[in-house]
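# Fold and geometry: a report
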Amino acid sequence: QSCVNDLILEDTIYACKDESVIINAKGVTNQKWFGTEEFVQLNDSTIKVSPKSTKSVYYIGQDANTKIGPNLVFNGDFEQGKTGFTSNYTNASSLGPAGTYAVVSNPKSVHNGFAICSDVTSGNGKMMVVNGNPVPNSKVWCSDVNVKANKYYAFSTSVASVVASSPANLQFTINNLNLGNSFVASLTNCDWKEFSETWYSNVATTANICITNQNISGGGNDFALDNISLQEILPFASSKDSVVVILNESPKVELGSDKTICQGATQELDAGTAFSYKWSTSENTQKISVTD
């Protein structure tokens, strides 16, 4: 553990199964939290975690997010056409039917009711244009990417509506786990918005990236994708700190049979081995003495 700029986190925290734990840092200014498991950020200096694995690690540090590697997504800008990905949607030259897509430089070229939009990068490149599918959980775009274990990656893509009514509601996943909340496209045609999220690979060496449209409306729900990217990042600059959360099964508490003592007598109670103690008398030791 490295403690720089007085961020100060505890080295280790013990948690019981199904228990939520509050983690606090001090000296926090313009920092960002990361973790090997999901967490809820309560404020800049505090998160709440409910760990599921035996050991999880949470970090806080400067949000450097320096991209140190190339884009690992093949044909993420669609300049090579309909290659490098799979889809539950049908590739078509005309996007009249719902549940179809095309890789083109102008959405209007595949549907007369779509807007004329330029791509994000050059203004004359290609994009994936989609007529939203009314079938639930249809995968718009998926691709497998080789990654390194225990590394942070930045995922991003740009989304634009080509028919502004009933905009697409996209859920991004890696290895079947959601990347943040779902993302709703703009209500303005051709208004490119970027979705971005940090992902930690943990033990994975393959990232199965998928985009699913949660909007199953048959009217509107037409959109374009461009610049799908996954890049390794350095999540922190020189200032960072970490805490390890160890998950343990709750120990069995056994005080034995009920005790009977005379008035004024003292009886010792022993709770047995545990990680922490809290008696109704507010004492926090393994053993206490009580007097009638």
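The text that follows walks through the structure, step by step, so that each part is easy to find. All values reported here derive from a predicted model rather than from experimental measurement. (Residues numbered from 1 in each chain as written. Predicted model: local features only at pLDDT ≥ 70, side-chain atom pairs only at ≥ 80, totals over all residues. Heavy atoms only, no water.)

## A closer look at the pattern of salt bridges
- The final tally for this structure, using the stated rule, is 2 salt bridges.
- Of the charged contacts in the structure, one is a salt bridge between D191 and K193, with a shortest N-O distance of 3.6 Å.
- Classification of D191 by relative accessible area gives partly exposed; the value is 25%.
- Taking the relative accessible area as the measure of exposure, K193 reaches 39% and is therefore partly exposed. (Salt bridge = Lys/Arg side-chain N within 4 Å of Asp/Glu carboxyl O. Buried < 20%, exposed > 50% of the residue type's maximum accessible area, 1.4 Å probe, protein only.)

## A closer look at the sheet that holds strand 2 (residues 21–24)
- An order of 2-5-4 is seen for the 3 strands of this open sheet, with the pairing classed as antiparallel. Sheet topology places strand 2 and strand 4 (39–43) at the edges, where each strand pairs with a single neighbour. For this sheet, the mean angle separating the axes of adjacent strands, direction not counted, is 25 degrees.
- Of the pairings in the sheet, the one linking strand 4 to strand 5 (residues 46–49) comprises 4 bridges and is antiparallel in character. Looking across to strand 5, one finds that F39 is bridged to V49. (Pairing = 2+ DSSP bridges. Helix = DSSP H or I, 4+ residues; strand = E, 2+ residues; numbered from the N terminus. Axes fitted to C-alpha atoms, helices over the stretch in contact; angles between N-to-C directions.)

## A short note on the environment of F34
- Locating F34 in the fold gives a position in strand 3 (residues 31–35).
- Note: C-alpha distance between F34 and V57 (23 residues apart in sequence) is 8.6 Å.

## As for the nonpolar core
- Counting 32 residues, the largest nonpolar core has M128, W141, F172, I209, L225 and L230 as the members making the most contacts within it.
- Listing elements by their share of this core, those giving two or more residues are strand 9 (100–104), strand 10 (127–131), strand 11 (139–146), strand 12 (152–163), strand 13 (169–174), strand 16 (193–200), strand 17 (206–213) and strand 18 (222–234).
- Here the element with the most residues in this core is strand 18; it accounts for 4 residues.
- The contact partners of L230, leaving out residues within four places of it in the chain, are P70, N71, L72, V73, V145, V147, Y153, A154, F155, I174, A207 and I209. (Core = buried A, V, L, I, M, F, W, Y, C linked by side-chain atoms within 4.5 Å. Contact = heavy atoms within 4.5 Å.)

Worth remembering: the numbers are spatial, not functional.
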